[in-house]
Amino acid sequence: MPQSWQELAADKRARLAKTIPSEWKIHTLPTEDNVIDFPKKSGILSDKELEITESSAADLVSKLASGQLTSVEVTTAFCKRAAIAQQLTNCFLEFFPDAAIAQAKELDEYYAKHKKPIGPLHGLPISLKDQLRVKSYETSMGYVSWLNQHDTDDSIMTSLLRKAGAVFYVKTSVPQTLMVCETVNNIVGRTVNPRNKNWSCGGSSGGEGAIVGIRGGIIGVGTDIGGSIRVPAAFNFLYGLRPSHGRLPYAKMRNSMEGQETVHSVVGPIAHSVEDLRLFTTSVLSQEPWKYDSKVIPIPWRQSESDAITSKIQNGGLNLAYYNFDGNVLPHPPILRGIETTVSALKKAGHTVSPWTPYKHDFGHTLISNIYAADGSADVTRDISASGEPAIPNIKDLLNPDIKAVTMNELWDTHLQKWNYQMEYLEKWREFEERTGSELDAIIAPITPTAAVRHDQFRYYGYASVINLLDFTSVVVPATFADRGLDRVNDGFRAVSELDERVQKEYDPEAYHGAPVAVQVIGRRLSEERTLAIAEEVGRVLGNSITS
């Protein structure tokens, strides 16, 4: 007799619970909403394991490469801290510590024999969003109907990270369909923010945001088609890179709407510093991913591009633009202060920062929203319905039965509209350069209209998704925290739309006190080296940069 969706989900939860050894279990769960520091006082981690998990990835790979640490030591530490993270935030869909430690042991044996690391990530544990395939494990991606399907091969990214020496130990939770910026599914339920269980961890790479935020992971791999790397990074006070399409390998990942080519999902890292984002990116590019994924453009890491930004910073400063309102939805007071704080710090450091007028962001937001549902939502409806599970509340707007699938001619017209919009935006970029007499290095902007949002309240994607439509490189930089004393309700607010009013009414200074606030640094397409370097400078002037 076929199992119900509830039975399938319960079976998965039971199997997942068994993967955590009894000695890694928390006997008395904390009652506080903020659990970010609980791993330090849990008694489960030794002093050395705490030191390892509090380190930067760059520092760890250096010590692994010199033999100061073994991969078994580092992997065990992160497996234990990840187990704690799971019990506090519910961030797993797969956990395989025994296989991870066995992989780490093989790397240690290689090092002992050859007296050198196997690759640039030798022995470093990397957490993976449950979209990347790892041979022999499930990739349910939040669909009950995809449970009990075991992958027979790795995704290309997984394979190249393995080749670079990375160790895999966990695949983190995602929302059903991946198409929302919160993380909840009918298999394991909701993933929460370790800084406050009442706040969202973001989505769709929300499990990565939670596990890296509480340092159960050091570098997490996420994907982004409308903010899914950048929003979890922002909500967990982390850095996140949304590279342009074609820079990093996406092949053989599982996905909703596979074959949708109008706006590409991209893969990228979430970490505690730009240094660690750069480590990940250079390590993957060193494996020549264009030889494995035909969509990857053969562009090795260009250190000269990064050095050019460093030179600019040292010789007169950067030429930057900024905006704090896209004309559609006004950000909450903490976000407006985050932009103001960032602009002020950059100017104080000697950089030129001028206002940017967002160009047709209402058009861009509407266009990409229609692209997401261009098949009339047939793909995601099929995979949700296959098990009989209900749609999560966050996805119901996408499943609107009034949305009809477009014809091929309408799709072609959408492609032209996107292309024309991208070129018009480049024209505005050039006009800014002509007006200021200098190359525009990047744009500083909000990534969301809210600080880490309360559950089920994420309503507007435009600050993130328009950048996906333009395919610009974007890096999230943590800026500050919401403060009830500084971020008062905006009494002079006048809504420009019903959605604008709904988002603004959600703001409560008390409920959002302490919530992470971030900005995004937007660079031209395929400008990862330059944009990361600019983001590093933004983090430095804000006092949020971490170096090994």
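Coordinates for the structure precede this section.
So, here is what we can say about the structure in this document. Here the structure is a predicted model, which means the values were calculated and not measured.

1. Structural notes on the pairing of strand E11 (residues 319–322)
Remember that side chains alternate between the two faces of the sheet whenever the strand is regular.
Then, in step 1: Across four bridges, the pairing between E11 and strand E12 (residues 352–355) is parallel. The residue of E12 that forms the bridge with Tyr322 is Pro355.
Then, in step 2: Where the polypeptide runs from E11 across helix H12 (residues 333–348) and back to E12, its parallel neighbour, the crossover connection is right-handed.
Then, in step 3: Here E11 pairs with strand E13 (residues 442–445) via three bridges, running parallel. Bridge pairing in E13 links Leu320 to Ala442.

2. Some remarks on helix H11 (residues 303–314)
Then, in step 1: In this model H11 runs 17 Å from its N-terminal to its C-terminal C-alpha over 12 residues, within 8% of the 16 Å that 1.5 Å per residue would give.
Then, in step 2: Positive phi appears at Gly316, one or two residues downstream of H11, with a value of about 105 degrees.

3. Let's talk about the environment of Val212
Then, in step 1: Residue placement: Val212 occurs in helix H8 (residues 206–213).
Then, in step 2: Using a relative accessible area of 0% as the deciding quantity, one classes Val212 as buried.

4. Side note on the packing of aromatic side chains
Then, in step 1: Per the counting criterion, the structure on display carries 17 aromatic pairs.
Then, in step 2: Judged by centre distance (4.6 Å) and plane angle (55 degrees), the ring pair of Tyr143 and Trp146 falls under tilted.
Then, in step 3: Classification of Trp146 by relative accessible area gives buried; the value is 8%.
Then, in step 4: One aromatic cluster in this structure is built from Trp356, Tyr359, Phe363, Tyr421, Tyr425, Trp429, Phe432 and Phe472.
Then, in step 5: Sitting over the ring of Trp146, Arg254 keeps its end group 3.8 Å from the ring centre.
Then, in step 6: Sitting over the ring of Phe363, Lys360 keeps its end group 4.7 Å from the ring centre.

5. Here we look at empty space enclosed by the protein
Then, in step 1: A full pass over the atoms with the stated rule returns one cavity of 30 Å³ or more.
Then, in step 2: Together, Pro449, Thr450, Val453, Gln457, Phe458, Arg459, Tyr460, Val503 and Glu506 line the largest cavity.
Then, in step 3: Across the lining of the largest cavity, the residue classes tally to five nonpolar, two polar and two charged.

6. Comments concerning the sheet that holds strand E15 (residues 516–523)
Note: strands within a sheet are paired through backbone hydrogen bonds, in either parallel or antiparallel orientation.
Then, in step 1: One open sheet accounts for 11 strands, arranged E1-E3-E2-E8-E10-E9-E14-E15-E13-E11-E12; its pairing is mixed. Unpaired on one side and paired on the other, strand E1 (92–95) and E12 mark the two borders of the sheet. If you compare each strand with its neighbour and ignore which way they point, the axes differ by 25 degrees on average.
Then, in step 2: As paired strands, strand E8 (residues 219–224) and strand E10 (residues 266–271) are joined by six bridges and run antiparallel to one another. Bridge pairing links Ile219 to Ala271 in E10.

7. Let's talk about unusual backbone geometry
The phi torsion of most residues other than glycine is negative, and most of the peptide bonds are trans.
Then, in step 1: Here the bond from Gly203 into Ser204 is cis, since omega is 5 degrees, no more than 30 degrees from zero.
Then, in step 2: Of note, Ser204 is situated in the loop between strand E7 (196–200) and H8.
Then, in step 3: At Lys115, a position not held by glycine, the phi torsion is positive, near 60 degrees.
Then, in step 4: Relative to the assigned elements, Lys115 resides in the loop between helix H6 (97–114) and strand E2 (125–129).
Then, in step 5: The backbone phi angle of Glu288 is positive, close to 50 degrees, even though this residue is not glycine.
Then, in step 6: In this fold, Glu288 is placed in the loop between helix H10 (274–285) and H11.
Then, in step 7: Relative accessible area serves as the criterion here: at 32%, Glu288 is assigned to the partly exposed category.

8. Points about the pattern of salt bridges
Oppositely charged side chains are able to pair whenever their charged atoms sit close together.
Then, in step 1: Applying the stated rule across the entire model yields 40 salt bridges.
Then, in step 2: A salt bridge links Arg247 to Glu528, with the nearest nitrogen and oxygen atoms 2.8 Å apart. Linking Arg247 in the loop between strand E9 (239–242) and E10 with Glu528 in helix H18 (residues 528–542), this pair joins segments that are 281 residues apart in sequence.
Then, in step 3: The exposure class of Arg247 is buried, given its relative accessible area of 1%.
Then, in step 4: When the shortest N-O distance is used, the salt bridge between Arg540 and Glu537 registers 2.8 Å. With Arg540 and Glu537 both in helix H18 and three residues apart, this pair spans about one turn of that helix.
Then, in step 5: Judged by its relative accessible area of 47%, Arg540 is partly exposed.
Then, in step 6: Taking the relative accessible area as the measure of exposure, Glu537 reaches 6% and is therefore buried.

9. Brief notes about the side chain of Lys171
Then, in step 1: Summarising the element assignment, Lys171 is placed in strand E3 (residues 167–172).
Then, in step 2: Reaching out from Lys171, the side chain makes a polar contact with the backbone oxygen of Leu132 at a distance of 2.9 Å.
Then, in step 3: A polar contact is formed between the side chain of Lys171 and the backbone oxygen of Glu138, at a distance of 3.0 Å.
Then, in step 4: Ignoring anything within four residues of it in the chain, the contact list for Lys171 reads Phe92, Leu93, Glu94, Phe96, Leu128, Asp130, Leu132, Arg133, Val134, Glu138, Thr139 and Asp151.

10. Section: the layout of surface pockets
Then, in step 1: In this structure, the second largest pocket occupies an estimated 440 Å³ of space.
Then, in step 2: Lining the second largest pocket are 33 residues; nearest its centre among them are Tyr250, Asn255, Gln260, His264 and Ser265.
Then, in step 3: Within the residue set of the lining of the second largest pocket, elements represented by two or more residues are E8 and E10.
Then, in step 4: Split into classes, the residues belonging to the lining of the second largest pocket amount to 12 nonpolar, 13 polar and eight charged.

11. Side note on a nonpolar patch on the surface
Then, in step 1: Taken together, the side chains of Leu416, Trp419 and Met423 make up a nonpolar region of the molecular surface, amounting to roughly 330 Å² of accessible area.
Then, in step 2: Mapped onto the secondary structure, Met423 falls in helix H15 (residues 408–436).

Conventions and cut-offs
Residues numbered from 1 in each chain as written. Predicted model: local features only at pLDDT ≥ 70, side-chain atom pairs only at ≥ 80, totals over all residues. Heavy atoms only, no water. Pairing = 2+ DSSP bridges. Helix = DSSP H or I, 4+ residues; strand = E, 2+ residues; numbered from the N terminus. Right-handed = clockwise from strand over helix to strand, strands pointing away. Expected span 1.5 Å × (residues − 1). Buried < 20%, exposed > 50% of the residue type's maximum accessible area, 1.4 Å probe, protein only. Phe/Tyr/Trp six-rings, centres within 6.5 Å; stacked < 30°, edge-to-face > 60°. Lys NZ or Arg CZ within 6 Å of the ring centre and 35° of its normal. 1 Å grid on protein atoms, 1.4 Å probe; cavity = no way out; pocket = protein on both sides within 12 Å on 5 of 7 lines; lining within 4 Å. Points joined across faces, edges and corners; volume = space filled by probe spheres on them. Nonpolar A, V, L, I, M, F, W, Y, C, P; charged D, E, K, R; others polar. Axes fitted to C-alpha atoms, helices over the stretch in contact; angles between N-to-C directions. Salt bridge = Lys/Arg side-chain N within 4 Å of Asp/Glu carboxyl O. Polar contact = N/O pair within 3.5 Å; in protein donor to acceptor, adjacent residues only side chain to side chain. Contact = heavy atoms within 4.5 Å. Patch = residues over 30% accessible without salt bridge, like charges linked within 9 Å, V, L, I, M, F, W, Y side chains within 5 Å. Areas by Shrake-Rupley, 256 points an atom, 1.4 Å probe, with all protein chains shown as cover.

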